[in-house]
Amino acid sequence: METVWRLVSLTAPTVRLFSGLTDYRNALKTTKMEEKALEVYDVIRSIRDPEKPNTLEELDVVTESCVEVRELGEEEYLIIIKFSPTVPHCSLATLIGLCLQVKLQRCLPFKHKLEIYISEGTHSTEEDINKQINDKERVAAAMENPNLREIVEQCVTEPDD
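We now turn to the structure provided with this report.

About the criteria used
- Residues numbered from 1 in each chain as written.
- Predicted model: local features only at pLDDT ≥ 70, side-chain atom pairs only at ≥ 80, totals over all residues.
- Heavy atoms only, no water.
- 1 Å grid on protein atoms, 1.4 Å probe; cavity = no way out; pocket = protein on both sides within 12 Å on 5 of 7 lines; lining within 4 Å.
- Points joined across faces, edges and corners; volume = space filled by probe spheres on them.
- Helix = DSSP H or I, 4+ residues; strand = E, 2+ residues; numbered from the N terminus.
- Nonpolar A, V, L, I, M, F, W, Y, C, P; charged D, E, K, R; others polar.
- Pairing = 2+ DSSP bridges.
- Buried < 20%, exposed > 50% of the residue type's maximum accessible area, 1.4 Å probe, protein only.
- Arc of directions from axis to C-beta.
- Contact = heavy atoms within 4.5 Å.
- Polar contact = N/O pair within 3.5 Å; in protein donor to acceptor, adjacent residues only side chain to side chain.

**What about the layout of surface pockets?**
Here comes step 1: The computed volume of the largest pocket comes to approximately 240 Å³.
Here comes step 2: Taken together, Q101, V102, Q105, H112, K113, L114, E115, I133, N134, D135, K136 and V139 form the lining of the largest pocket.
Here comes step 3: Within the residue set of the lining of the largest pocket, elements represented by two or more residues are helix 2 (93–107), strand 3 (111–118) and helix 4 (136–144).
Here comes step 4: No other element matches strand 3, which puts four residues into the lining of the largest pocket.
Here comes step 5: Each residue belonging to the lining of the largest pocket can be placed in one class, and the counts come to four nonpolar, four polar and four charged.

Printed below as a string of structure tokens:
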């Protein structure tokens, strides 16, 4: 019994040490994901609304809490954005999603997969719009339309560009 007690007393500090390392690594990973989320938010906050002279941030269409980043692999991330249109019947929600797609594809300096959704319960046709926003072929086709491309450019271009 004494031998067992010695073994337990010798291994307990080692187990606590490794447990602490795991907690420390998880904390570092969480901090890194929060930093990436803020980096993403800084890119999208200045996108202008297609109808109004305000930014999406000023209209609370996007907020810091609407951005989530998960690590997919080494230096590869999944970015999930859930934005909230100003009204449940917003006719420009798809265009806002397109602006988010375009700006992030252009501006993010790291490898990523992007998923953009309308926040649940904030739009009357959110399911249909979510499918459109995340369909790469539809996004590409939309950007081939010169009128639509011009509107997107006006929304995503920084004022000092």
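**Let's talk about the pairing of strand 1 (residues 67–73)**
Here comes step 1: One ladder, built from six bridges, connects strand 1 with strand 2 (residues 76–83); its direction is antiparallel. What sits directly across from E68, in strand 2, is I80.
Here comes step 2: Connecting the antiparallel pair strand 1 and strand 2 is a turn made up of two residues, with E75 showing a positive phi of about 60°.

**Things to note about helix 4**
Here comes step 1: Those residues of helix 4 that fall on the buried side of the exposure criterion are V139, A142 and M143. On an axial view of helix 4, the arc spanned by its buried residues comes to 95°, and they lie on one face. Structural note: helix 4 exposes E137 and E144 on the side pointing more than 90 degrees away from its buried face.
Here comes step 2: Here the buried face of helix 4 lies against helix 2, helix 3 (126–133) and helix 5 (146–156).
Here comes step 3: The N-cap of helix 4, judged by a side-chain oxygen 3.0 Å from the amide nitrogen of E137 a few residues on, is D135.

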